[in-house]
Amino acid sequence: MKDVFKAQKVTDSVWWVGAIDWSIRDFHGYHTGRGTTYNAFLVMADKVTLIDTVKAGFGKEMLARIGSVIDPQKIDFLVSNHSEPDHTGSIVETINAIKPEKVFASSMGAKALYAHFDLPCEVTVVSDGEQLDLGSKTITFAETRMCHWPDSMVSYLHEDKLLFSQDVFGMHLAGHSLFDDQCDRALLEQEAAKYYANILLPLSISVKKALAKLSDLGAECKIVAPDHGPIWRSDPQWIMDAYAKWAAQPRTNKAVVVYDTMWGSTDLMARAVGEGLAAGGAIVRLMPLSGEHRSDIATEILDAGALIVGAPTINNQVFPSLADCLSYLKGLRPIGLVGGVFGSFGWGGGAVKSLAGTLEKMNVEQLAEPVCSQYVPDSDVLKNCYDLGQLIAKRIT
Ligand code: FEO
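Heads up: these notes are all about the structure in this document. (Residues numbered from 1 in each chain as written. Predicted model: local features only at pLDDT ≥ 70, side-chain atom pairs only at ≥ 80, totals over all residues. Heavy atoms only, no water.)

## Examining the nonpolar core
Item 1. Counting 91 residues, the largest nonpolar core has L50, F169, Y243 and L329 as its most contacted members.
Item 2. Residue contributions to this core peak at eight residues, all from helix α5 (residues 185–200).
Item 3. Ignoring sequence-local partners within four residues, the contact set of Y243 consists of D167, V168, F169, G170, Y195, Y196, L200, V207 and L211.
Item 4. Residues W16, V43, F77 and A225 belong to the second largest nonpolar core, which totals 26 residues. (Core = buried A, V, L, I, M, F, W, Y, C linked by side-chain atoms within 4.5 Å. Buried < 20%, exposed > 50% of the residue type's maximum accessible area, 1.4 Å probe, protein only. Helix = DSSP H or I, 4+ residues; strand = E, 2+ residues; numbered from the N terminus. Contact = heavy atoms within 4.5 Å.)

In structure tokens form, the structure reads like this:
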């Protein structure tokens, strides 16, 4: 396999030895339409060190890439920056294959590894700020708790000015383009934002702490190597600045209208809300759940100023696609949004009350009473929808 699955050079002494997952389309609710990579890195120092492993099923691919550079049994140290199974699913297979002298993880990482796996060796716990001497090179560990799990830490390789950042600064994007400058820029920015919105948004306070910690570390990062997607080498500061911006959740004049429809009434109301928003100067994103995935809606909400939701009533309940989407968005904990609610019903309502209650729990400031329509909206109802759009536009523009 090593003649097919080969390592790729990152620096003179660091190799990418990860795996490409072209087929994954769902990452715990996040639509990964462009697949992903599980990045692992080999540091060729006096103590040869493997940084992270890959998801179960991809271990042989990683070991083959390692084998294209060095006999895997010559690896001395294994560092696990993050214990989620997309980075550790092959760790037992890897330890058995390389027989490292030591395996390192944070204290929470060690607990998670023992809880997930029947490990064939002990894990050596490293503390926040601890340095690991590799002989010719030095790594400093920095805990980045809750970016993405309590165990998360990053590893900074001083001599190469290279930060192994685990999930942080990553994206789900499969491909053979190893570096940011080899990729379409607009695509990178879109996928990085999608990753932040769907993975890190609810952890923004932890992201701010992690960014401050990296600054304290005095790390002059020339290269940022996350565990998913391309390596940032042309302008690593761009992704760090983007994280600082997204963590602050600045709001814009964009309004996202999320809705579904049964027989067209709520769809007509959504379009009327959209007309009012546009007339008021807002940027309008109408996102019908018949065609939009919840994770793309989360991405749009990352910098939106308003969230407006609409649904028909079915069996006295909110339409199920809205319940699904709002449950997901609520968990992502966006802050600073204004919004509104609209919906239709036949002989018994329920949807708008449920939607309004959910927006309240999400701390979305509702600027008006919900707009309701029995059966098909008449011109008065449509005017109320239009006015709702205009009112919201006035607040966010
Ligand atoms: Fe890529 Fe939190 O795992």
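Back to the write-up after that little detour.
## Examining the sheet that holds strand β10 (residues 102–105)
Item 1. In spatial order, the strands read β1-β2-β7-β8-β9-β10-β11; together these seven strands make up an open sheet with mixed pairing. The outermost strands of the open sheet, each flanked by one partner alone, are β1 (8–11) and β11 (124–125).
Item 2. Both strand β9 (residues 77–79) and β10 contribute to a ladder of three bridges, which runs parallel. Note that in β10 the partner of V79 across the bridge is F104.
Item 3. Against the sheet, helix α4 (residues 107–116) engages β10 and β11, with an angle of about 115° to β10. (Pairing = 2+ DSSP bridges. Axes fitted to C-alpha atoms, helices over the stretch in contact; angles between N-to-C directions.)

## Here we look at the packing of helix α6 (residues 204–216) against helix α7 (residues 236–248)
Item 1. Running from N to C, α6 and α7 cross one another at 145°; their axes reach a closest spacing of 9 Å. Like other packed secondary-structure pairs, α6 and α7 cross with a definite hand, here left-handed. On the side of α6, the interface is formed by S204, V207, K208 and L211, while α7 contributes M240, Y243, A244, W246, A247 and A248.
Item 2. Taken together, the residues that form the contact of α6 with α7 break down as eight nonpolar, one polar and one charged. (Left-handed = near helix turned anticlockwise from the far one by under 90°. Nonpolar A, V, L, I, M, F, W, Y, C, P; charged D, E, K, R; others polar.)

## Section: the side chain of D227
Item 1. Tracing the backbone shows D227 in the loop between β16 (223–226) and α7.
Item 2. Among buried charged residues, D227 stands out as having no salt bridge; its nearest opposite-charge side chain is R65, 13 Å away.
Item 3. Residues contacting D227, with those up to four places away along its chain left out, are T37, Y38, N39, F41, D52, H87, Q166 and D167. (Lys, Arg positive; Asp, Glu negative; His and termini not counted. Salt bridge = Lys/Arg side-chain N within 4 Å of Asp/Glu carboxyl O.)

## What to know about the pairing of strand β18 (residues 283–288)
Item 1. Of the pairings in the sheet, the one linking strand β17 (residues 254–259) to β18 comprises six bridges and is parallel in character. Following the sheet pairing, V256 is matched in β18 by R285.
Item 2. Crossover connection from β17 via helix α8 (residues 265–279) to parallel β18: handedness right-handed. (Right-handed = clockwise from strand over helix to strand, strands pointing away.)

## Here we look at the pairing of β10
Item 1. As paired elements, β10 and β11 share two bridges and run parallel to each other. For F104, the partnering residue across the bridge sits in β11 and is T124.
Item 2. After leaving β10, the chain enters α4 and then returns to the sheet as β11, a path that is right-handed.

## Re α8
Item 1. The first and last C-alpha atoms of α8 sit 21 Å apart over 15 residues, in line with the 21 Å expected at 1.5 Å per residue.
Item 2. By the burial criterion, the buried members of α8 are S265, T266, M269, A270, A272, V273, G274, G276 and L277.
Item 3. Of the surrounding secondary structure, the elements contacted by the buried residues of α8 are β17, β18, β19 (306–314), β21 (338–345), β23 (371–374) and α12 (379–396).
Item 4. Directly after α8, the chain includes G281, whose backbone phi takes a positive value near 95°. (Expected span 1.5 Å × (residues − 1).)

## A closer look at the packing of α5 against α7
Item 1. Interhelical geometry of α5 versus α7 gives an angle of 40° and a closest axis separation of 11 Å. Judged by the angle between their axes, α5 and α7 are oblique. Classified by chirality, the crossing of α7 by α5 is right-handed. Residues R185, E189, A192, A193, Y195, Y196 and L200 of α5 touch α7, and the partners they reach there are W238, I239, Y243, W246 and A247. (Parallel < 35°, antiparallel > 145°, perpendicular 65-115°, else oblique.)

## Concerning unusual backbone geometry
Item 1. We note that H28 has phi near 30°; this positive angle belongs to a residue other than glycine.
Item 2. In this structure, H28 sits in the loop between β4 (26–27) and β5 (30–31).
Item 3. A positive phi angle, near 45°, is found at K99, a position not held by glycine.

## With respect to the pattern of salt bridges
Two side chains with opposite charge may pair up if their charged atoms get near one another.
Item 1. Evaluated as defined, the whole model comprises 17 salt bridges.
Item 2. Residue R145 pairs with E143 through a salt bridge whose shortest N-O separation is 2.8 Å.
Item 3. What makes E143 buried here is its relative accessible area of 13%.
Item 4. Linking E300 and R285 is a salt bridge whose minimum nitrogen-to-oxygen distance equals 3.2 Å. Taken as a pair, E300 in helix α9 (residues 294–301) and R285 in strand β18 lie far apart in primary sequence, 15 residues in all.
Item 5. A cluster of three or more residues bridged by salt bridges with shared partners is formed by K254, R285, E300 and D303.

## A few points about the sheet that holds strand β13 (residues 138–143)
Item 1. Strand order across the open sheet formed by five strands is β12-β13-β14-β15-β16, with mixed pairing between neighbours. Looking at which strands have only one partner, the edges of the open sheet turn out to be β12 (131–133) and β16. Adjacent strand axes in the sheet meet at a mean angle of 20°, parallel and antiparallel pairs treated alike.
Item 2. Two elements, strand β14 (residues 153–157) and strand β15 (residues 162–166), share three bridges in a ladder whose sense is antiparallel. Paired with Y156 across the two strands is L163, which belongs to β15.

## Observations concerning the packing of aromatic side chains
Item 1. According to the stated counting rule, one finds 11 aromatic pairs in the structure shown.
Item 2. Three or more aromatic residues link up through ring pairs in this structure, and these residues are F169, Y196, W232, W238, Y243 and W246.
Item 3. Lying across the ring of F179, R233 places its NZ or CZ 3.7 Å from the centre.
Item 4. A cation sits over an aromatic face here: R294 above Y328, 5.5 Å from the ring centre. (Phe/Tyr/Trp six-rings, centres within 6.5 Å; stacked < 30°, edge-to-face > 60°. Lys NZ or Arg CZ within 6 Å of the ring centre and 35° of its normal.)

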